[in-house]
Amino acid sequence: MTAPITQDVLTIPRKLPEGGKPNLVGMTRDQMRAALIEAGTAEKQAKMRVGQVWQWVYHWGVRDFEAMTNLAKDYRALLAQHFVLEVPEVVTKQVSTDGTRKYLVRIAGGHEVEVVYIPETDRGTLCISSQVGCTLTCSFCHTGTQKLVRNLTAAEIVGQVMLARDDLNEWPVQGAPKNETRLVSNIVLMGMGEPLYNFENVRDAMKVVMDGEGIALGRRRITLSTSGVVPEIARTAEEIGCLLAVSFHATTDEVRDQLVPINKKWNIATLLEALKAYPGLTNSERITFEYVMLDHVNDSKEDAYRLVELLRGIPAKVNLIPFNEWPGAPYKRSSGNRIHAFADIIYQAGYSSPIRTPRGEDIMAACGQLKSATEKQRKSATKTTVQG
Ligand code: SAH
Ligand code: SF4
């Protein structure tokens, strides 16, 4: 957090959703079809209409019915009369010295969530949120100190991907050669909230994002991180099909009860059973075990050996996350030596054990730092905010 801060803080004014009209963004194809019929589209034509609107919205990134030029003028007017196409409003954007971008976005009700874009040489990962706050209270997580305000809608989840593509200028340009390199090439559901406590909306949103006629991100480019909501794990594979990451963080129930309190409901043994049964689990689709490195809490060599034992029989990789500190946090980050010693033991046992490089620390965009820190940052940032 000592890195020099080069911030690009700006305000992009945009209208909040117009009251009342349903938002076509975030609807599955079936939902959109039903909505179009209800608005007066002939049943026979509805499937085709969905295809056309879908392509405008999710392939071309168009958000103005008037611009949908292959639709008759009357039909465009009908759409505009009944529907809106809205994504969350970007309130501020900050750019880290390492290129990480953090968007603070406002959703209906005036609530705010954060979205983080992390560019790397071979990929660009968008970290999106599924809830405002969280019902769970993991003791090392800043989001966990904030009560759950509400679940995000599917529109608000898909909208995070769309607004990032807007900002990165990633929508294709008609007539221009196809751009093969994707800026948002991967999505991780690792922002604010527990995605499996908002299952239906997350599932519907990911269906939209994966649809081949639109944003078209393959299911293996999406990773959902859960703290361990056991009853929803099998459904994640069946109904979404994305990759799974689990916030493991401890090797005994005693310690995990403290760090990830949901462990009191579904303990390590129960969680591991559910993971072993994860449908379609193969070596190429290994489960990621996230493990936050907390100094002298869960980072001993004994922990590393115990973790290896627990992983036995599960195609897994271990992602070690150096703890990101936040004001008032009851933990310290493990030393580099302890993290490396831990990683070596896991690696020697045959599991990949990368250490996650904290990204965007200077703008408080790293794992577990979201939201409350932003409020603090914004207070000082308002001085430099450019009103558009
Ligand atoms: N609620 C989900 C997803 C969001 S958290 C979950 O818990 O899995 C994304 C990851 O960041 C989780 O592995 C979480 O445990 C981790 N994390 C939370 N706070 C952190 C912090 N302060 N430092 C490092 N990692 C943290
Ligand atoms: Fe919620 Fe995940 Fe944070 Fe736990 S780590 S409080 S589940 S966001």
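Structure: see above.
Residues numbered from 1 in each chain as written. Chains lettered and ligands numbered in written order. Predicted model: local features only at pLDDT ≥ 70, side-chain atom pairs only at ≥ 80, totals over all residues. Heavy atoms only, no water.

(A) Examining the site of ligand 1 more closely. Neighbouring residues of ligand 1: 20 residues in total, closest Gly 193, Ser 225, Ser 247, His 249 and Asn 324. When ligand 1 sits alone it has 540 Å² of accessible area, and the protein chains cover 95% of it. Among the elements of the structure, β8 (222-226) and β10 (287-293) are those that each provide at least two residues to the shell around ligand 1. When its residues are assigned to classes, the shell around ligand 1 shows nine nonpolar, nine polar and two charged. (Near = heavy atom within 4 Å. Areas by Shrake-Rupley, 256 points an atom, 1.4 Å probe, with all protein chains shown as cover. Helix = DSSP H or I, 4+ residues; strand = E, 2+ residues; numbered from the N terminus. Nonpolar A, V, L, I, M, F, W, Y, C, P; charged D, E, K, R; others polar.)

(B) Broad picture of the site of ligand 2. Surveying the vicinity of ligand 2 reveals the residues Cys 134, Leu 136, Cys 138, Cys 141, Gly 144, Gly 193 and Ser 227. Residue composition of the shell around ligand 2, by class: four nonpolar, three polar and no charged.

(C) Focus on the nonpolar core. Ranked by internal contacts, the top residues of the largest apolar core, which has 109 residues, are Tyr 58, Tyr 103, Phe 140, Met 162, Met 206, Leu 275 and Phe 289. Setting aside residues up to four positions removed in sequence, Tyr 58 forms contacts with Leu 24, Val 25, Gly 26, Met 27, Val 158, Met 162, Trp 171, Val 208, Gly 214 and Ile 215. Counting residues in each nonpolar core, the second largest holds six residues, with Cys 127, Val 188, Ile 363 and Ala 365 among its members. (Core = buried A, V, L, I, M, F, W, Y, C linked by side-chain atoms within 4.5 Å. Buried < 20%, exposed > 50% of the residue type's maximum accessible area, 1.4 Å probe, protein only. Contact = heavy atoms within 4.5 Å.)

(D) Region of the structure containing the packing of helix α4 (residues 154-167) against helix α5 (residues 199-210). Across the interface, α4 lies against α5 with an axial gap of 8 Å and an inter-helix angle of 40°. Classified by the angle their axes make, α4 and α5 are oblique. Pair α4 / α5 crosses with right-handed handedness. Touching Ala 154, Ile 157, Val 158 and Val 161 of α4 are Asn 201, Val 202, Asp 204, Ala 205, Met 206, Val 208 and Val 209, all from α5. Its residues assigned to classes, the contact of α4 with α5 shows nine nonpolar, one polar and one charged. (Axes fitted to C-alpha atoms, helices over the stretch in contact; angles between N-to-C directions. Parallel < 35°, antiparallel > 145°, perpendicular 65-115°, else oblique. Left-handed = near helix turned anticlockwise from the far one by under 90°.)

(E) Main features of helix α9 (residues 301-311). Along α9, the positions that sit buried rather than exposed are Asp 303, Ala 304, Leu 307, Val 308 and Leu 311. When α9 is viewed along its axis, its buried side chains cluster within an angular range of 140° and face the same direction. Turned more than 90 degrees away from the buried face of α9 sit Glu 302 and Tyr 305, all of them exposed. A positive phi of about 90° marks Gly 313, the residue just after α9. (Arc of directions from axis to C-beta.)

(F) Region of interest: the packing of aromatic side chains. The tally for this structure, following the rule as stated, stands at four aromatic pairs. Relative to Phe 289, the ring of Phe 248 lies with its centre 5.1 Å away and its plane at 75°, an arrangement referred to as edge-to-face. Of this pair, Phe 248 sits in the loop between β9 (243-247) and α7 (253-259) while Phe 289 sits in strand β10; the two residues are 41 residues apart in sequence, bridging distant segments of the chain. Phe 248 sits in the buried class, given a relative accessible area of 0%. Owing to a relative accessible area of 1%, Phe 289 belongs among the buried residues under this scheme. Their ring planes at 85° and their centres at 6.2 Å tell us that Phe 323 and Tyr 331 sit as a pair that is edge-to-face. Tyr 331 matches Phe 323 in its accessibility class, with the two residues each being buried. Over the face of the ring belonging to Trp 54 we find Arg 29, whose NZ or CZ atom lies 4.6 Å from the ring centre. Across the ring face of Trp 171, the terminal group of Arg 165 is positioned such that the distance to the ring centre comes to 4.4 Å. (Phe/Tyr/Trp six-rings, centres within 6.5 Å; stacked < 30°, edge-to-face > 60°. Lys NZ or Arg CZ within 6 Å of the ring centre and 35° of its normal.)

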